[in-house]
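Okay, here's what each chain looks like letter by letter:
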Amino acid sequence: MHFIRPHFFMKIMPDYIPFHLRMVYISGAVEILCGILLLFPETQKLGAYLCIALFIAVFPANIEMTKKFYQIHHKYFWLTVVRLPLQFVLIWWAYQFRR
């Protein structure tokens, strides 16, 4: 979706992050790269660490999305709240691949 609807992701990026469009494309490419690296035992450790870095890097955008959904009383605000702790579960999951 980063390449098909990049403006959705740009709207949830915090203002202090520069080059919004470029960052959306980079994060999309890194997500694809993470998936590919996790497929092969030889590259799973690198893929796991890259996933962890990505999950940490996108966390500010998830917080921003939660803030914005709260401010506009969006009907899916509750999903953004659930998504925040899910990031920690995803980090733990990726960490399991580093062995």
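These numbers come from a predicted model, not from an experiment.

Cut-off values and rules
- Residues numbered from 1 in each chain as written.
- Predicted model: local features only at pLDDT ≥ 70, side-chain atom pairs only at ≥ 80, totals over all residues.
- Heavy atoms only, no water.
- Helix = DSSP H or I, 4+ residues; strand = E, 2+ residues; numbered from the N terminus.
- Buried < 20%, exposed > 50% of the residue type's maximum accessible area, 1.4 Å probe, protein only.
- Contact = heavy atoms within 4.5 Å.
- Phe/Tyr/Trp six-rings, centres within 6.5 Å; stacked < 30°, edge-to-face > 60°.
- Lys NZ or Arg CZ within 6 Å of the ring centre and 35° of its normal.
- 1 Å grid on protein atoms, 1.4 Å probe; cavity = no way out; pocket = protein on both sides within 12 Å on 5 of 7 lines; lining within 4 Å.
- Points joined across faces, edges and corners; volume = space filled by probe spheres on them.
- Core = buried A, V, L, I, M, F, W, Y, C linked by side-chain atoms within 4.5 Å.
- Salt bridge = Lys/Arg side-chain N within 4 Å of Asp/Glu carboxyl O.

Peer 1: Is there a simple way to explain the overall build of the chain in this structure?
Peer 2: Across its full length, the chain holds four helices and zero strands. Listing every helix and strand of the chain by position from the N terminus yields α-α-α-α. Based on the C-alpha atoms only, the size of the chain along its principal axes is roughly 45 × 25 × 25 Å. Counting all 99 residues of the chain, 30% fall into the buried class. Once local pairs closer than 6 in sequence are excluded, the contacts in the chain between residues at least 24 apart make up 47%.

Peer 1: Sorry, what's going on with the packing of aromatic side chains here?
Peer 2: The way to describe two aromatic rings as a pair is by their centre distance and the angle between their planes. With the rule as written, the count across this model stands at five aromatic pairs. With a centroid separation of 5.0 Å and an interplanar angle of 75 degrees, the aromatic rings of W93 and F97 are classed as edge-to-face. Geometry around F19 places R22 over its ring, the cationic atom sitting 4.7 Å from the centre.

Peer 1: What am I meant to see in the layout of surface pockets here?
Peer 2: A probe matching the size of a water molecule, rolled over the atoms, marks out where space remains unfilled. Taken as a whole, the largest pocket spans an internal volume of roughly 570 Å³. The wall of the largest pocket is formed by 27 residues, among which H2, S27, E31, L54 and V58 lie closest to the centre. Of all the secondary structure elements, the ones that give two or more residues to the lining of the largest pocket are α1 (6-11), α2 (20-39), α3 (44-71) and α4 (77-96). For the lining of the largest pocket, the leading source of residues is α2, giving nine residues.

Peer 1: Please clarify how the nonpolar core should be interpreted in this entry.
Peer 2: Grouped burial of nonpolar side chains is what soluble globular proteins tend to show. Ranked by size, the top nonpolar core spans seven residues in total: C34, L38, C51, I52, L54, F55 and A94. For this core, the elements supplying multiple residues, two or more each, are α2 and α3. Top contributing element to this core by residue count: α3, with four residues. Dropping the residues within four chain positions of it, F55 is found in contact with Q87, L90, I91 and A94.

Peer 1: Sorry if this is basic, but what is going on with the pattern of salt bridges here?
Peer 2: Two side chains carrying opposite charge are able to pair once their charged atoms lie near each other. Evaluated as defined, the whole model comprises one salt bridge. Across the salt bridge formed by E64 and K67, the nearest N and O atoms sit 3.6 Å from each other. Placement of both E64 and K67 in helix α3 is noted, with a separation of three residues, approximately one turn of the helix. The exposure class of K67 is partly exposed, given its relative accessible area of 44%.

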